[in-house]
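# Structural overview
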Amino acid sequence: QVQLVESGGGLVQVGGSLRLSCAASGRTSLTYVMGWFRQAPGKEREFVAATSKSGGTYYADSVKGRFTISRDSAKNTVYLQMNSLKPEDTAVYYCGADQGRIYEYDYWGQGTQVTVSS
């Protein structure tokens, strides 16, 4: 099994920045892909960004140019740097991991709240 623990959420003003972290433990050999989804109130969970151990990165159109995903394989940790935040970025952000799929994950963290105030 894989355990994922997110941190770094909080309240930020429009245009501000936050960095989310997600640390994996357990069978980290199963975390070839790690990424982020988010879910706003009343909406479905949506893909945000993902990265693979080979270095590939993938982004939703809504965050391209504003968010950057990165990975420290030695620490089994993935980061999401979020800049130029907008009110529509407000959501619970979930870290996920999978052996190979970019947009579907077997393992999930508990989520961290990001609130962008105007």
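See above for the structure.
Since this is a predicted model, take the numbers as computed values, not measurements.

### Some points on the sheet that holds strand 1 (residues 2-7)
The four strands are arranged 1-3-8-7 in an open sheet whose pairing can be described as antiparallel. This sheet does not close on itself; its edge strands, each paired only once, are strand 1 and strand 7 (67-72). Each neighbouring strand pair of the sheet contributes to a mean axis angle of 15°, computed without reference to strand direction. Inspection of the sheet shows strand 1 paired to strand 3 (residues 18-26) by six bridges, in the antiparallel sense. Of the residues in strand 3, the one forming a bridge with Glu-6 is Cys-22.

### Describing the pairing of strand 11 (residues 112-117)
Along strand 11, the buried face is formed by Thr-112, Val-114 and Val-116; none of Gln-113, Thr-115 and Ser-117, which line the opposite face, is buried. Pairing analysis gives four bridges linking strand 2 (residues 10-13) to strand 11, with the strands arranged parallel. Note that in strand 11 the partner of Gln-13 across the bridge is Ser-117. As paired strands, strand 9 (residues 91-98) and strand 11 are joined by three bridges and run antiparallel to one another. Within strand 11, the residue paired with Tyr-93 across the bridge is Thr-112.

### Structural notes on the environment of Glu-46
Assignment of secondary structure puts Glu-46 in strand 5 (residues 46-52). A relative accessible area of 36% means that Glu-46 is categorised as partly exposed. A C-alpha to C-alpha distance of 9.4 Å links Glu-46 and Tyr-103, two positions 57 residues apart in sequence. Leaving out residues up to four positions away in the same chain, Glu-46 has contacts with Phe-37 and Arg-38.

### Some words on the pattern of salt bridges
In total, this model carries seven salt bridges according to the counting rule given. Of the charged contacts, one joins Glu-46 and Arg-38 as a salt bridge, the two residues approaching to 2.6 Å between their closest N and O atoms. Relative accessible area serves as the criterion here: at 5%, Arg-38 is assigned to the buried category. Residues Asp-106 and Arg-101 are paired through a salt bridge, measuring 2.8 Å at the closest nitrogen-oxygen approach. The network of salt bridges with shared partners includes Arg-38, Glu-46, Arg-66 and Asp-89.

Definitions and cut-offs
Residues numbered from 1 in each chain as written. Predicted model: local features only at pLDDT ≥ 70, side-chain atom pairs only at ≥ 80, totals over all residues. Heavy atoms only, no water. Pairing = 2+ DSSP bridges. Helix = DSSP H or I, 4+ residues; strand = E, 2+ residues; numbered from the N terminus. Axes fitted to C-alpha atoms, helices over the stretch in contact; angles between N-to-C directions. Buried < 20%, exposed > 50% of the residue type's maximum accessible area, 1.4 Å probe, protein only. Contact = heavy atoms within 4.5 Å. Salt bridge = Lys/Arg side-chain N within 4 Å of Asp/Glu carboxyl O.

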